[in-house]
Amino acid sequence: MADRASPPAGALRLSESAARQLDVCVHCGFCLPACPTFAVLGQEPDSPRGRIDLIRAAAEGEVSVADPDLRLHLERCLDCRACESACPSGVRYGELYEGAVASLASSAPLGAPAALRVGLHAVGHPGLLRWAARVGRRRGRLVRRLTGSLDALLPAGEQPSARERLPVVLPAVGTKRAEVDLFVGCVQDAVLGRDNLAMAAVLSLLGVEVHFERRQTCCGALHLHVGGTAQAARLARRNIAAFAGTGRSVVVHGAGCGAVLKDYGRFFAEEAFAAEAASFAKRVVDFSEWIGPLVARDALPWNSDAPPLRVTYHDPCHLAHAQSVREQPRHVLRSIPGVEYVELPDADSCCGSAGVYNITQPELSAAILERKVANILQTDAEVVVTSNPGCALQLRKGLDQAGRAVRVLSLAELLTQRVRSPEVAKSGG
Ligand code: SF4
Ligand code: SF4
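Here the structure is a predicted model, which means the values were calculated and not measured. (Residues numbered from 1 in each chain as written. Chains lettered and ligands numbered in written order. Predicted model: local features only at pLDDT ≥ 70, side-chain atom pairs only at ≥ 80, totals over all residues.)

A. Seen up close, the site of ligand 1. Cys-35, Pro-48, Cys-77, Cys-80 and Cys-83 are the nearest of the 14 residues found near ligand 1. For the shell around ligand 1, the secondary structure elements donating two or more residues are α2 (36-41), α3 (48-59) and α5 (82-86). Taken together, the residues of the shell around ligand 1 break down into 10 nonpolar, 1 polar and 3 charged. (Near = placed C-beta within 6 Å. Helix = DSSP H or I, 4+ residues; strand = E, 2+ residues; numbered from the N terminus. Nonpolar A, V, L, I, M, F, W, Y, C, P; charged D, E, K, R; others polar.)

See the structure below:
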């Protein structure tokens with residue numbers, strides 16, 4: 001076996017912590033049934049164990065980083081981390097995979113279309129991203145040609161942006177019980193900004209004073225998906241600086257953002273900045289985690305005239321697998337008067353969105369989405385709730401293509417539709 005501490009020239013380079021994951025894997029194969037790409041393709045190199053073996057071979061110089069098969073099988077991975085939840089040995093697959101992809105990207109660009117790479121530079125510049133989303137929604141011929149499948153994903157109509165609408169401080173309604181900082185994300189706010197406004201409105205109704213720090217920027221999740229760890233670390237430093245000193249919980253609705261923000265400590269594990277990054281990461285909390293304990297049947301001004309509603313829930317991978325937040329959103333849904341909650345089969349299996357996967361791997365993404373849509377239709381639900389913008393857009397596309405009128409809502413948006421409050425209606429929630 002080659003020495004991974006001093007890899008041969010041309011081998012994959014991993015951090016010490018990522019390389020350690022290779023030794024934690026005992027090849028048991030318990031992760032295989034959880035892997036969506038293995039379920040569709042049925043071959044070992046498209047399974048977690050197969051990919052771990054490929055990464056090991058590349059790190060030891062047995063397989064070249066230029067090997068097209070290595071790149072193919074790694075690019076097909078969703079980075080959904082379902083294998084982490086299934087692994088009895090505690091392999092941190094996401095850390096290993098993101099390290100491998102970063103090393104591959106530094107030797108030669110991965111297979112994402114060039115236009116997408118250019119587009120990623122807009123992420124981190126929320127104003128530019130909002131502009132692009134608006135232009136995309138107008139569906140001009142040129143934009144359609146440039147954005148391709150992105151166009152099919154964008155929701156129709158103008159989306160209100162929390163960045164543009166939220167005040168620096170949104171007061172609590174009634175007696176103030178707490179203060180929080182809000183993290184709104186960039187893609188989330190550009191394409192589904194109403195979810196952020198709904199989150200702020202619900203928190204305010206629960207007696208929470210909501211602070212909006214305008215210096216916050218993109219979390220870096222999309223950059224990580226395509227190996228841009230250095231760019232993600234630069235964004236992390238800006239966010240940590242933006243929220244420094246407030247001491248408040250940082251509440252986030254987008255699961256992909258939350259997973260990355262909670263992982264900022266790992267970004268800087270080998271630097272003096274690690275303690276500051278880890279302390280910020282501890283303050284990050286998902287919206288459902290934060291409101292879960294507060295939402296009882298009388299905590300919000302429920303609208304008793306709201307019609308009965310059958311609702312199911314799709315777990316975003318980066319909430320269930322990366323953050324282990326599963327029960328809290330279900331608890332909130334079960335607490336809403338008039339809502340009949342029904343569990344979705346394979347609820348925590350990926351929908352095929354996975355950052356930019358539905359653009360870089362359209363066929364595989366479509367096959368994975370088809371399974372998800374079939375499961376949703378089995379439930380007879382009128383609404384499917386999910387808390388990640390990528391999942392929401394992907395599920396909406398799949399249900400539209402299936403010609404089914406199942407609505408896709410975020411948790412915050414559903415809550416605003418079940419309370420009696422003129423302020424919430426005005427907020428766009
Ligand atoms: S992250 Fe998801 S797609 Fe990738 S190997 Fe693990 S389960 Fe399979
Ligand atoms: S990643 Fe975990 S579950 Fe999968 S083969 Fe390795 S030890 Fe087993």
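The discussion continues.
B. Local environment of the sheet that holds strand β3 (residues 208-211). Taking strand neighbours across the sheet as the criterion, the 5 strands line up as β1-β3-β2-β4-β5 in an open arrangement whose pairing is mixed. Each of the sheet's edge strands pairs with one partner strand only, and the pair in question is β1 (169-170) and β5 (284-286). For strand β4 (residues 249-252) and β5, the ladder comprises 3 bridges, and the chain directions are parallel. Within β5, the position partnered with Val-252 by the bridge is Asp-286. Against the sheet, helix α12 (residues 187-205) touches β1, β2 (178-183), β3 and β4, its axis set at about 145° to β3. (Pairing = 2+ DSSP bridges. Contact = placed C-beta atoms within 7 Å. Axes fitted to C-alpha atoms, helices over the stretch in contact; angles between N-to-C directions.)

C. Structural context of the site of ligand 2. Close to ligand 2 lie 15 residues; Cys-25, Cys-28, Cys-31, Cys-87 and Ser-89 are nearest. The leading source of residues in the shell around ligand 2 is α3, at 3 residues. Its residues assigned to classes, the shell around ligand 2 comprises 11 nonpolar, 3 polar and 1 charged.

D. Spatial organisation of the pairing of β2. As judged from the 4 bridges shared by β2 and β3, these two strands associate in the parallel manner. Bridging across to β3, Val-180 finds its partner in Val-210. With α12 bridging β2 and its parallel neighbour β3, the resulting β-α-β unit is right-handed. Across 4 bridges, the pairing between β2 and β4 is parallel. Note on β4: the bridge partner recorded for Val-180 is Ser-249. (Right-handed = clockwise from strand over helix to strand, strands pointing away.)

E. Looking closely at the nonpolar core. With 117 residues, the main nonpolar core has Ala-100, Ala-200, Val-202, Val-251 and Leu-261 as its most contacted residues. Looking at this core, the element that brings in the most residues is α12, giving 12 residues. Counting contributing residues per domain, this core is built from domain 1 (16-107) and domain 2 (309-427), each supplying no fewer than three. The contacts of Val-202, once residues within four sequence positions are left out, are Ile-291, Ala-412, Leu-415 and Thr-416. (Core = buried A, V, L, I, M, F, W, Y, C linked by C-beta atoms within 7 Å. Buried ≥ 20, exposed ≤ 12 C-beta atoms within 10 Å, placed from the backbone. Domains from an automatic or database assignment.)

F. Quick look at unusual backbone geometry. Phi is positive for His-27, which is not a glycine, with a value near 65°. Assignment of secondary structure puts His-27 in the loop between α1 (16-24) and α2. Of the residues examined, His-27 has 8 C-beta atoms within 10 Å and is grouped as exposed. In this model, Ser-324 sits at a positive phi of 55°, which is unusual for a non-glycine residue. A residue is classified by how many C-beta atoms lie within 10 Å of it, and Ser-324, with 10 of them, is exposed.

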